[in-house]
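# Fold and geometry: a report
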Amino acid sequence: MSGLAVELRGIVKRYPRVVANDGVDLSVESGTIHALIGENGAGKSTLMKILYGMVRPDEGTLSINGKPADFSGPRDAIIAGIGMVHQHFMLVKPLSVAENVVLGSEPGASAVGTWDQDGAKAEVARLSKEYGVKVESSAVVETLSVGEEQRVEILKVLYRGAKILILDEPTAVLTPHECDELFKTLKGLRAAGSTILFISHKLKEVMSLCDAATVMRRGKTVGTKKISETSQNELAQMMIGDLEIKEKAAVPYRGEASEVLRLENVSVRGPRDELALKGVSLSLKAGEVLGVAGVEGNGQRELAEVVCGLSAAAEGRVTRGGRVGYVPEDRHHAGLMLAAAAWENMLLGRHWEPVFSTPFRLQRGAIAGYGRKIIADYDLRPPELEQEAGAFSGGNQQKIIVGREVSKDPKILVAAHPTRGVDWGASALIHQKILETKAAGAGVLLISADLDEVLSLSDRIIVLFSGRVMGEVARADAKIEKLGCWMAGVSGT
Amino acid sequence: MMKALAREGRWIAISLGITFAVLVLSILALRQNPLTVFGLLAERLLLKPYGLGQMLYKATTLIFTGLGCALAFRCGLFNIGAEGQLYAGAFLMAVVAPHLPLPMILLIPACLAIAALGGGLWGLVPGWLKAKRGAHEVITTMMMNFIALALTNYLISAHFHEPETIHTAELPVAAYLPQLPMESSAVNASLFVAIALAFAVHYFLWSTPLGFELRAVGSNPTAAKTSGVPVDMRIFLILVLSGCLSGLAGINFILGYKHYFEQGFASGAGFMGIAVALVAKNYPIGVIFSALLFAFLSQAGLTVQSVIPRELFEILQGLVILVVVICQNKYGGAE
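Residues numbered from 1 in each chain as written. Chains lettered and ligands numbered in written order. Predicted model: local features only at pLDDT ≥ 70, side-chain atom pairs only at ≥ 80, totals over all residues.

## Overview of the overall build of chain A
Scanning chain A from terminus to terminus reveals 16 helices and 21 strands. For a compact globule of 493 residues, the expected C-alpha radius of gyration is about 23 Å, and chain A comes in at 24 Å, within 12% of that figure. Taking the intrachain contacts of chain A between residues at least 6 apart in sequence as the baseline, contacts between residues at least 24 apart amount to 70%. (Helix = DSSP H or I, 4+ residues; strand = E, 2+ residues; numbered from the N terminus. Rg over C-alpha atoms; globule rule 2.2 N^0.38 Å. Contact = placed C-beta atoms within 7 Å.)

Below, the structure is given as structure tokens:
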């Protein structure tokens, strides 16, 4: 360990409505993997944007490798040896790995636009070998898996000379196997002398991968711990503060387990008219949570939409036993009206119900009462019905949606990635509400890429791969390894 | 909503301040005394019943078209076809009303209904194209403007004009809306219809479930659809309703002033409706004040053209829109 690669002191960043960073200190030792953890809205992203030169702090100092730094843009940060691996990949799909890596700083570029393609390939192959980031430099990006694409992103950063890598929730899109591969890669990078800042809120990963962790909460640093000297529980406690973690004890359903949803050989066309869901059959009982695991983009969205009646089945039959509540995977796109008030978002889809309106008048009193109940039941913060949805944090936005859909008393609740990008406290609450919905006799279809979530809530689990059900298993018999295989398209037993 | 209003209000105030500053500087640059000019404006426009009446008359038409535009914009559709919808409504009313043997108490509501119907029909075409074919409303409403203007011109000159004139037959007296007693100015009871309509549209959008639904379509059509709103049907409805409102604009001239349809009588009031709605931030009540502002600027140019070129006030009308658009409020925030 040789000194501090990154040192941030007293960082303050104010936005019109919030102080995103309020006197943050962060010290990262050179050659380590350092986790930055915290709930959504804790200020992690803002801090990393400051470190990468995308945002200027209002107060505070940065030093990189012991030298004071003042970045006026990402270009300065790159020159200082900092690289950012974004959560959403920015790759040109029809180009090769080498072309993607060098894009924007091609070797031997001439005025007429020619450049040294062989040199680029060789250089990328060299980097790939030196840092142990395995990917074929001449492969076309669109043929790669998600894990490989991520490695291309890492190579892009290394090619630009980064010694300090920022990875923003890199495991969100990976299968368990790909996560393992990523961790190997990152450990290899550490061995080659790189410093890595690993942003996450998955504590298991942090415990198994990192050397140290800094915890942020509400714009402040709570503390930094060596992983060897801390525990998952301690970190969790630091993250959520004095809030109590409730045990997710599944409440058993005691009613009659009638079928609420049945799919028979259902196929659905995807955005490019291909069959995204291929002959799926399933049955959902009252008082049961059916977990749908799988890497995103394997037909989950189409499954959710066909169950909710938002898209038509190309083949097969969907039979619903009652009203459907739907927590869509993309809350900004499909769940919320960001510029509208919280109460309007809570009302959306229920505005014709006699409780809330007559044909010519909205019942403002009843609506406000309903809104206040959601605020109380879900601990919505800030507790303001008039605030625009877009001004709430991600977790609180999700509470608005879940509150709206659960309070419909649905017979079927489709929850797609209900806690993605949602902080710990809100996640726990949302899980609680899903279990309450189940206990009240609804069937829940829980679609999630987060295996922990699926395992902790479901009674039965199916895995979707390439539009098909790879397998089904009761939770009691579920093995991570087997689910992982199914998620990767390997059937086996 | 009140909070949002207060926030928008601040920006509007800033915009108006900037416009006023430019006005003062321009007057100085023209080597005139701003106080003299403002004195003239007060004396001849604001304090004189005729001047004030003319201003209110102009504002009346703008309230109708402004409401038509504001309703569509508020619901996420950039309907720029108010001009064509205005002519379609006015023309239909002007050619049908003379043949209706009804007493006043029925004839006037019938006229209003026909005008709204005509405008609504003109909004129906882009609405249908948008809902069924996804055709962009900016293109289709714009094209419908050309069609409305050319078609009414043709129909009047070929079939409906009175001999020796370029206008249609006069309406029966029973269809006249009373003039307001402001010297010989054109202001008439249409003003009250317009103001009442602004409150009605406000009530509709913010206090009825259907209005809520239409605003939801404007806020995020995908979220609305996900929540079970039949978005295509609603888009159709929005453009029809928007057309109805603009279609009513013709009553100011036809029922309240000249009592016939004349080519080009609205002189761009449909297009001004877009500006009125923008400055009003698509709030129906705001449209009343925004229409008054534009009517004031338009009338002010005429009132003081002996000392200040009228074009200055036309420039100011453009400037108000620019400044308001530039001062769009955006909420900032972390992450």
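## Some words on the overall build of chain B
In terms of helices and strands, chain B carries 14 helices and 0 strands. Listing every helix and strand of chain B by position from the N terminus yields α-α-α-α-α-α-α-α-α-α-α-α-α-α. For chain B, whose C-alpha radius of gyration is 20 Å, the value lies close to the compact-globule estimate of 20 Å for 335 residues. For chain B, with 335 residues in total, the buried portion stands at 51%. (Buried ≥ 20, exposed ≤ 12 C-beta atoms within 10 Å, placed from the backbone.)

## A few points about the sheet that holds strand S13 (residues 289-293) of chain A
All names here are of chain A. In space, the 6 strands of this open sheet follow the order S15-S18-S19-S13-S20-S21, with mixed pairing throughout. One side of each edge strand has no neighbouring strand; the edge strands of this open sheet are strand S15 (324-327) and strand S21 (468-474). When strand polarity is set aside, the average angle formed by the axes of neighbouring strands in this sheet is 15°. Alignment of S13 against strand S20 (residues 460-465), held across 4 bridges, turns out to be parallel. Bridge pairing in S20 links Ala293 to Val463. Across the face of the sheet, helix H9 (residues 300-307) comes into contact with S13, S15, strand S18 (412-416), strand S19 (443-447) and S20 while running at roughly 155° to S18. Contacts from helix H13 (residues 394-406) reach S15 and S18, with the element oriented near 175° to S15. (Pairing = 2+ DSSP bridges. Axes fitted to C-alpha atoms, helices over the stretch in contact; angles between N-to-C directions.)

## Overview of the packing of helix H3 (residues 49-74) of chain B against helix H13 (residues 284-303) of chain B
All names here are of chain B. Interaxial distance between H3 and H13 falls to 7 Å at its minimum, and their mutual angle equals 135°. Taken together, the axes of H3 and H13 are oblique relative to one another. Taken as a pair, H3 and H13 cross one another with a handedness that is right-handed. Of the residues in H13, those touching H3 at Gly51, Gln54, Met55, Lys58, Ala59, Leu62, Ile63, Gly66, Leu67 and Ala70 are Pro284, Val287, Ile288, Ser290, Ala291, Leu292, Phe294, Ala295, Phe296, Ser298, Gln299 and Thr303. Classifying every residue of the contact of H3 with H13 by side-chain character gives 14 nonpolar, 7 polar and 1 charged. (Parallel < 35°, antiparallel > 145°, perpendicular 65-115°, else oblique. Left-handed = near helix turned anticlockwise from the far one by under 90°. Nonpolar A, V, L, I, M, F, W, Y, C, P; charged D, E, K, R; others polar.)

## Points about the interface of chain A and chain B
Residue-level contacts link 32 residues of chain A with 20 residues of chain B. Listed by contribution, the elements that provide at least two residues to the side of chain A that touches chain B are helix H1 (44-51), helix H10 (331-335) and strand S17 (361-362) of chain A. Top element by residues in the side of chain A that touches chain B is H10 of chain A. It accounts for 3 residues. Grouping the amino acids of the side of chain A that touches chain B by side-chain chemistry returns 18 nonpolar, 10 polar and 4 charged.

## Examining the environment of Pro209 of chain B
If you trace the backbone, Pro209 of chain B turns up in helix H8 (residues 209-219). Ignoring anything within four residues of it in the chain, the contact list for Pro209 of chain B reads His351, Trp352, Ser357 and Leu362 of chain A.

## Topic: the confidence of the model for chain A
When pLDDT is averaged along chain A, the result is 88, and 95% of the positions lie at 70 or above. pLDDT under 50 marks residues 243-247 of chain A. Its contacts with residues more than four places away, or in other chains, come to 6 contacts. (pLDDT = per-residue confidence, 0-100.)

## Regarding the confidence of the model for chain B
Residues and elements named next belong to chain B. When the pLDDT values of chain B are averaged, the result is 92; 96% of them are 70 or greater. Below a pLDDT of 50 lies the segment residues 330-335, which in the model reaches 18 contacts outside its immediate sequence neighbourhood of four places, other chains included. Scoring the predicted complex yields pTM 0.77 and, for the interface, ipTM 0.87.

## Description of the environment of Leu177 of chain B
Residue and element names in this part refer to chain B. On the secondary structure map, Leu177 appears in the loop between helix H6 (137-160) and helix H7 (190-207). With 22 C-beta atoms counted inside 10 Å, the residue Leu177 sits in the buried group. Through-space distance from the C-alpha of Leu177 to that of Pro163 is 25 Å; in sequence the pair is 14 residues apart. Discounting residues that sit within four places of it in the chain, Leu177 has contacts with Ile108, Asn188, Ala189, Ser190, Ile251, Leu255 and Gly256.

## With respect to the domain arrangement of chain A
Residue and element names in this part refer to chain A. Looking at the assigned domains, one finds that chain A contains domain 1 (4-240) and domain 2 (259-487). Here the C-alpha centre of domain 2 lies 32 Å away from the C-alpha centre of domain 1. Every contact between the two is made by 12 residues of domain 1 and, on the other side, 15 residues of domain 2. Looking at the side of domain 1 that touches domain 2, the elements that each hand over two or more residues are helix H6 (176-191) and helix H8 (232-240). Per-element tally for the side of domain 1 that touches domain 2: the top contributor is H8, with 3 residues. Among the residues forming the side of domain 1 that touches domain 2, the class breakdown is 5 nonpolar, 5 polar and 2 charged. (Domains from an automatic or database assignment.)

## Re the pairing of S21 of chain A
All names here are of chain A. Here S20 pairs with S21 via 6 bridges, running antiparallel. Looking across to S21, one finds that Leu464 is bridged to Val469. Joining the antiparallel neighbours S20 and S21 is a turn of 2 residues, in which Ser466 adopts a positive phi near 50°.

## Let's talk about unusual backbone geometry
Residue Pro382 of chain A is reached from Arg381 of chain A by a cis peptide bond, and omega for that bond is -10°. Structurally, Pro382 of chain A is set in the loop between helix H12 (364-378) and H13. One non-glycine residue, Asn282 of chain B, lies in positive phi territory at about 60°. With respect to the helices and strands, the residue Asn282 of chain B is situated in the loop between helix H12 (269-279) and H13. The class of Asn282 of chain B is buried, set by 22 C-beta atoms lying within 10 Å.

## Here's the deal with the sheet that holds strand S14 (residues 315-320) of chain A
Residues and elements named next belong to chain A. On the basis of which strands lie adjacent, the open sheet formed by 3 strands has the order S12-S11-S14 and antiparallel pairing. What marks the edges here is a single partner per strand, and that holds for strand S12 (275-285) and S14. Strand after strand, the sheet turns through a mean of 15° between neighbouring axes, direction not considered. Sheet topology note: the strand S11 (residues 259-269)/S12 ladder contains 7 bridges and is antiparallel. Each bridged residue has a counterpart across the sheet, and for Leu261 the counterpart in S12 is Leu284. H9 rests against S11, S12 and S14 of the sheet, and its axis sits at about 55° to S12.

## Structural notes on the pairing of strand S9 (residues 212-217) of chain A
Residues and elements named next belong to chain A. With 5 bridges connecting them, strand S3 (residues 33-38) and S9 associate as parallel partners. From the neighbouring strand, Ile37 faces S9, where its bridge partner is Val215. Here 6 bridges tie S9 to strand S10 (residues 220-226), and the two strands are oriented antiparallel to one another. Across the sheet, Thr214 pairs through a bridge with Thr224, a residue of S10. Linking S9 to S10, which pair antiparallel, is a turn of 2 residues; within it Arg218 sits at a positive phi near 45°.

## A closer look at helix H14 (residues 424-439) of chain A
Since the α-helix advances by 3.6 residues per turn, residues separated by three or four positions end up pointing in the same direction. Residues and elements named next belong to chain A. Counted at 1.5 Å a residue, the expected span for H14 with its 16 residues is 22 Å, and the 23 Å between its end C-alpha atoms agrees. Listed as buried for H14 are Trp424, Gly425, Ala426, Ser427, Leu429, Ile430, Lys433, Ile434, Thr437 and Lys438. Phi turns positive, to about 105°, at Gly441, one or two residues after H14. (Expected span 1.5 Å × (residues − 1).)

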